[in-house]
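Geometric and topological summary
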Amino acid sequence: MDKGHKSTMKSISKLITQSSHNFFSSFLEDSKDKKNQSKDREELLKELQVAAAQKALVVLQLKGTSPNQKFETVSGWIVSKNIVDTIMLRTQNDAQQIKMIPVEQIKKMSMLSIADKRHIK
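One structure accompanies this document, and this report is about it. (Residues numbered from 1 in each chain as written. Predicted model: local features only at pLDDT ≥ 70, side-chain atom pairs only at ≥ 80, totals over all residues. Heavy atoms only, no water.)

Looking at the overall build of the protein
For the protein, the count of helices and strands is one helix and six strands. Seen in sequence order, the protein has helices and strands lined up from the N terminus as α-β-β-β-β-β-β. Sorting the 121 residues of the protein into buried and exposed places 21% on the buried side. A fraction of 45% describes how many contacts in the protein between residues 6 or more apart in sequence connect residues 24 or more apart. (Helix = DSSP H or I, 4+ residues; strand = E, 2+ residues; numbered from the N terminus. Buried < 20%, exposed > 50% of the residue type's maximum accessible area, 1.4 Å probe, protein only. Contact = heavy atoms within 4.5 Å.)

Concerning the side chain of Ser 80
For Ser 80, the position within the fold is in the loop between strand E2 (71-78) and strand E3 (86-91). Looking at Ser 80, its side chain comes within polar contact range of the main-chain nitrogen of Met 88, at 3.4 Å. What Ser 80 contacts, discounting residues up to four positions off in sequence, is Ala 52, Ile 87 and Met 88. (Polar contact = N/O pair within 3.5 Å; in protein donor to acceptor, adjacent residues only side chain to side chain.)

So, the pattern of salt bridges
All chains considered together, the criterion is met by two salt bridges. Arg 41 is paired through a salt bridge with Asp 85; the nearest N and O atoms lie 3.2 Å apart. A residue pair is termed long-range when its members are at least 10 positions apart, and Arg 41 in helix H1 (residues 2-54) and Asp 85 in the loop between E2 and E3 qualify at 44 residues. Accessibility expressed as a relative area gives 44% for Asp 85, which makes it partly exposed. (Salt bridge = Lys/Arg side-chain N within 4 Å of Asp/Glu carboxyl O.)

With respect to the nonpolar core
In terms of nonpolar packing, the biggest core is built from 19 residues, with Leu 48 and Leu 60 touching the most fellow members. Those elements giving two or more residues to this core turn out to be H1, strand E1 (57-63), E2, E3 and strand E5 (106-112). Not counting residues within four places of it along the chain, the set of residues in contact with Leu 60 comprises Leu 48, Glu 72, Thr 73, Val 74, Ile 87, Leu 89, Ile 101, Ile 106, Lys 108 and Met 109. (Core = buried A, V, L, I, M, F, W, Y, C linked by side-chain atoms within 4.5 Å.)

Remarks on the pairing of E2
Each regular strand shows side chains that alternate between the opposite faces of the sheet. Relative to E2, E1 is paired through seven bridges, and the arrangement is antiparallel. Bridge assignment links Leu 60 to a residue of E2, and that residue is Val 74. By the bridge criterion, three bridges tie E2 to E3 in an arrangement that is antiparallel. Bridged to Trp 77 within E3 is Arg 90. (Pairing = 2+ DSSP bridges.)

Observations concerning the layout of surface pockets
Here the largest pocket is characterised by a volume of approximately 360 Å³. With five residues, H1 is the largest single contributor of residues to the lining of the largest pocket. Among the residues forming the lining of the largest pocket, the class breakdown is four nonpolar, one polar and eight charged. (1 Å grid on protein atoms, 1.4 Å probe; cavity = no way out; pocket = protein on both sides within 12 Å on 5 of 7 lines; lining within 4 Å. Points joined across faces, edges and corners; volume = space filled by probe spheres on them. Nonpolar A, V, L, I, M, F, W, Y, C, P; charged D, E, K, R; others polar.)

Here's the deal with a positive patch on the surface
Taken together, the side chains of Lys 63, Lys 70, Lys 107 and Lys 108 define a basic patch exposed on the protein surface. Tracing the backbone through its elements, the reader meets Lys 108 in strand E5. (Patch = residues over 30% accessible without salt bridge, like charges linked within 9 Å, V, L, I, M, F, W, Y side chains within 5 Å. Areas by Shrake-Rupley, 256 points an atom, 1.4 Å probe, with all protein chains shown as cover. Lys, Arg positive; Asp, Glu negative; His and termini not counted. Charge placed at Lys NZ, Arg CZ, Asp CG, Glu CD.)

Quick look at the environment of Gln 92
With respect to the helices and strands, Gln 92 occurs in the loop between E3 and strand E4 (98-102). The spatial distance from the C-alpha of Gln 92 to the C-alpha of Gly 76 is 4.4 Å, given a sequence separation of 16 residues. Residues contacting Gln 92, with those up to four places away along its chain left out, are Leu 57, Ser 75, Gly 76 and Trp 77. At 2.8 Å, the side chain of Gln 92 and the side chain of Ser 75 are in polar contact.

And the structure:
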């Protein structure tokens, strides 16, 4: 009975050690992911600002709004000058329609400037 008790205690202490190690490593990885997301967001904001300044045609791949829809694609010209959280996009299909898009919803961006230089992000 003494050996069974020791092996049970050993397995419990091993489980606790592994759990705390996994918790700590996931905590560190999560902070790295947040830093990478923040860096990617800043790069995207700069690219959107360039596209707005150059009056470039942009094609945006947006995250899907429903579980059945993986993504949505929109194209047009950025109307807003200062881009922080949302952009206003004059759609290519209807020049009278302006669509407000949250920046965090943008998955990918590509632009075609007037000088015909293609940038894909």
